[in-house]
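Residue-level listing of the chains:
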Amino acid sequence: MGIEAYQQQSAISDDPYVLILKLYEGLLKYLSFVRSAMENEDIEQKFTYINKSIAIFDELRNVLDFDGGDVAYYLDGLYLYQIETLFSAGIDDNVNSVNQVMKVTQGLIDAWKDETGL
């Protein structure tokens, strides 16, 4: 119980830039679980991790600052497209689509690190 409380407190007190990076990294982790579930034909796990991945994209959309400029609108559209791609990938068991979302996510991680200096 103490470790969970520490981890929650750590997440709350972290720099917001680090939190975004953690969301992206968590997204990559869950997407790898989606891919593994597809390869193992585990339908329940596949949709569990697709739903977790979509929840992260939704959270990333929720923190966008649309008053800050065009980047927020671009990212919102990009996140929505990734959500649609994941949804379709789950229905069609399309590992290539999951790989594409992973590639986009890695690109977001790289760009975020470059922009924030993390």
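With an unreviewed UniProt entry as reference, the protein is termed Flagellar chaperone FliS, source organism Malaciobacter marinus. Heading Subcellular location (unreviewed entry) of the UniProt record for the protein holds this comment: "Cytoplasm, Cytosol". The record in UniProt for the protein states the following under Sequence similarities (unreviewed entry): "Belongs to the FliS family."

Considerations on the packing of aromatic side chains
Summed over all chains, the structure comprises six aromatic pairs. When the ring of Phe57 is compared with that of Tyr79, the centres are 5.8 Å apart and the planes differ by 45 degrees; the resulting orientation is tilted. Of this pair, Phe57 sits in helix α3 (residues 43-62) while Tyr79 is found in helix α4 (residues 70-92), placing the two residues 22 residues apart along the sequence. You can call Tyr79 buried: its relative accessible area is 2%.

Quick word on α3
Between its first and last C-alpha atoms α3 spans 28 Å; for 20 residues at 1.5 Å apiece the expected length is 28 Å, and the two agree. Of the residues making up α3, those classed as buried are Lys46, Tyr49, Ile50, Ser53, Ile54, Ile56, Phe57 and Leu60. Looking down the long axis of α3, one finds its buried residues gathered within 155 degrees of arc, a one-sided arrangement. Set apart from the buried face of α3 by more than 90 degrees, the exposed residues are Glu44 and Asn62. Elements that come into contact with the buried residues of α3 comprise α2 (16-39), α4 and α5 (95-116). The N-capping residue of α3, defined by a side-chain oxygen 3.4 Å from the backbone nitrogen of Glu44, is Asp42.

Here's the deal with the nonpolar core
In terms of nonpolar packing, the biggest core is built from 28 residues, with Phe57 and Tyr79 touching the most fellow members. Per-element tally for this core: the top contributor is α2, with eight residues.

Some remarks on unusual backbone geometry
Phi is positive for Glu41, close to 55 degrees, though the residue is something other than glycine. If you trace the backbone, Glu41 turns up in the loop between α2 and α3. A positive phi angle, close to 50 degrees, is found at Asp93, a residue other than glycine.

Definitions and limits used
- Residues numbered from 1 in each chain as written.
- Predicted model: local features only at pLDDT ≥ 70, side-chain atom pairs only at ≥ 80, totals over all residues.
- Heavy atoms only, no water.
- UniProt positions renumbered as here; feature names shortened; annotations may be inferred.
- Phe/Tyr/Trp six-rings, centres within 6.5 Å; stacked < 30°, edge-to-face > 60°.
- Helix = DSSP H or I, 4+ residues; strand = E, 2+ residues; numbered from the N terminus.
- Buried < 20%, exposed > 50% of the residue type's maximum accessible area, 1.4 Å probe, protein only.
- Expected span 1.5 Å × (residues − 1).
- Arc of directions from axis to C-beta.
- Contact = heavy atoms within 4.5 Å.
- Polar contact = N/O pair within 3.5 Å; in protein donor to acceptor, adjacent residues only side chain to side chain.
- Core = buried A, V, L, I, M, F, W, Y, C linked by side-chain atoms within 4.5 Å.

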